[in-house]
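# Commentary on secondary and tertiary structure
Chain by chain, the residues:
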Amino acid sequence: MHEREPARNRWSMTDRRLSWSSTFWNIVLAGVFLVMAVLFIERGVFYLSLPGALWAGVGFGAFGVAMAIGALRAPFVGVRADGRGITIRAVTSTKRIPWQDVSRISLGGLTPGASGAAGATAPVVFVKSGGATERQIVLKELGGYGVSSGRSVAQQAAEDLNRLLTEWRKQHKTSS
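Residues numbered from 1 in each chain as written. Predicted model: local features only at pLDDT ≥ 70, side-chain atom pairs only at ≥ 80, totals over all residues. Heavy atoms only, no water.

### Topic: a nonpolar patch on the surface
- On the surface, F24, W25, V28 and V32 cluster together into a nonpolar patch covering about 420 Å² of accessible area.
- Within the secondary structure layout, V28 lies in helix α1 (residues 23-48).
- When its relative accessible area of 32% is taken as the criterion, V28 is described as partly exposed. (Patch = residues over 30% accessible without salt bridge, like charges linked within 9 Å, V, L, I, M, F, W, Y side chains within 5 Å. Areas by Shrake-Rupley, 256 points an atom, 1.4 Å probe, with all protein chains shown as cover. Salt bridge = Lys/Arg side-chain N within 4 Å of Asp/Glu carboxyl O. Helix = DSSP H or I, 4+ residues; strand = E, 2+ residues; numbered from the N terminus. Buried < 20%, exposed > 50% of the residue type's maximum accessible area, 1.4 Å probe, protein only.)

In structure tokens form, the structure reads like this:
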């Protein structure tokens, strides 16, 4: 009888999902959103109790509810990859990139904004779709400054995503 190698010793993109996130910062972000939600909802309730301040109460309350939704999504901010592609989950949106649209992945793209000016790097996914020119999607959810010892989340994600892309191309006999 032929014995199969245990799944934990072989790697296949169909058997596994990989995900990367900055757990500490996700928890901090969730906490900030939660505090903001409580404060805005409290102000909304306060203004609703005042005569003539209905719209202020509704506005504060609605913004508080939006903050509460952000608090629920914040722990899940990050990047996930599986046999179908890459999923980027931010606080306000989720974007899916199929493997067939990915031309390459590299590390080193500066993240947008002040963090990029300070030298933060992040994985960059180069996407081609429909014969159009290649565009870059910076995985800013994984941005880092490279100040920790060992490999950063950004470095690990770039390596793993490249490995997944190579595996997908082998399975689908494509190259880019």
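### Regarding the packing of aromatic side chains
- Scanning the model with the defined rule gives 5 aromatic pairs in all.
- For the ring pair F40 and F60, a centre distance of 5.7 Å and an interplane angle of 25 degrees mean the geometry is stacked. Taken together, the residues span a long stretch of sequence, with F40 in helix α1 and F60 in helix α2 (residues 54-73) at a distance of 20 residues.
- For R43, the ring lying beneath its charged end belongs to F46, and the centroid distance is 4.5 Å. (Phe/Tyr/Trp six-rings, centres within 6.5 Å; stacked < 30°, edge-to-face > 60°. Lys NZ or Arg CZ within 6 Å of the ring centre and 35° of its normal.)

### Quick look at the nonpolar core
- Within the largest apolar cluster, 20 residues are counted, with the highest numbers of intra-cluster contacts made by W20, I86 and W99.
- For this core, the secondary structure elements donating two or more residues are β1 (18-20), β2 (78-81), β3 (85-89), β5 (102-110), β6 (121-127) and α4 (153-172).
- In this structure W20 touches G78, V79, R80, A81, L142, V153, Q156, A157, D160, L161 and L164, once residues within four positions along its chain are discounted.
- In terms of nonpolar packing, the next biggest core, distinct from the first, is built from 8 residues, A30, A37, A71 and V91 among them. (Core = buried A, V, L, I, M, F, W, Y, C linked by side-chain atoms within 4.5 Å. Contact = heavy atoms within 4.5 Å.)

### A word on the sheet that holds β2
- What the 4 strands build is an open sheet, ordered β1-β2-β3-β4; its pairing is antiparallel. Across the chains shown, the open sheet's two edge strands, defined by having one partner strand only, are β1 and β4 (94-98). Put simply, the sheet's adjacent strands are angled 15 degrees from each other on average, direction ignored.
- Examined bridge by bridge, β2 and β3 share 4 bridges and lie antiparallel to one another. By the bridge assignment for β3, G78 is matched with R89. (Pairing = 2+ DSSP bridges. Axes fitted to C-alpha atoms, helices over the stretch in contact; angles between N-to-C directions.)

### With respect to the pattern of salt bridges
- All chains considered together, the criterion is met by 5 salt bridges.
- Here E42 and R43 are joined by a salt bridge, their closest N and O atoms 3.0 Å apart.
- Across the salt bridge formed by R96 and D82, the nearest N and O atoms sit 3.1 Å from each other. With R96 in strand β4 and D82 in the loop between β2 and β3, this pair connects stretches of sequence that are 14 residues apart.
- For R96, a relative accessible area of 36% corresponds to the partly exposed category.

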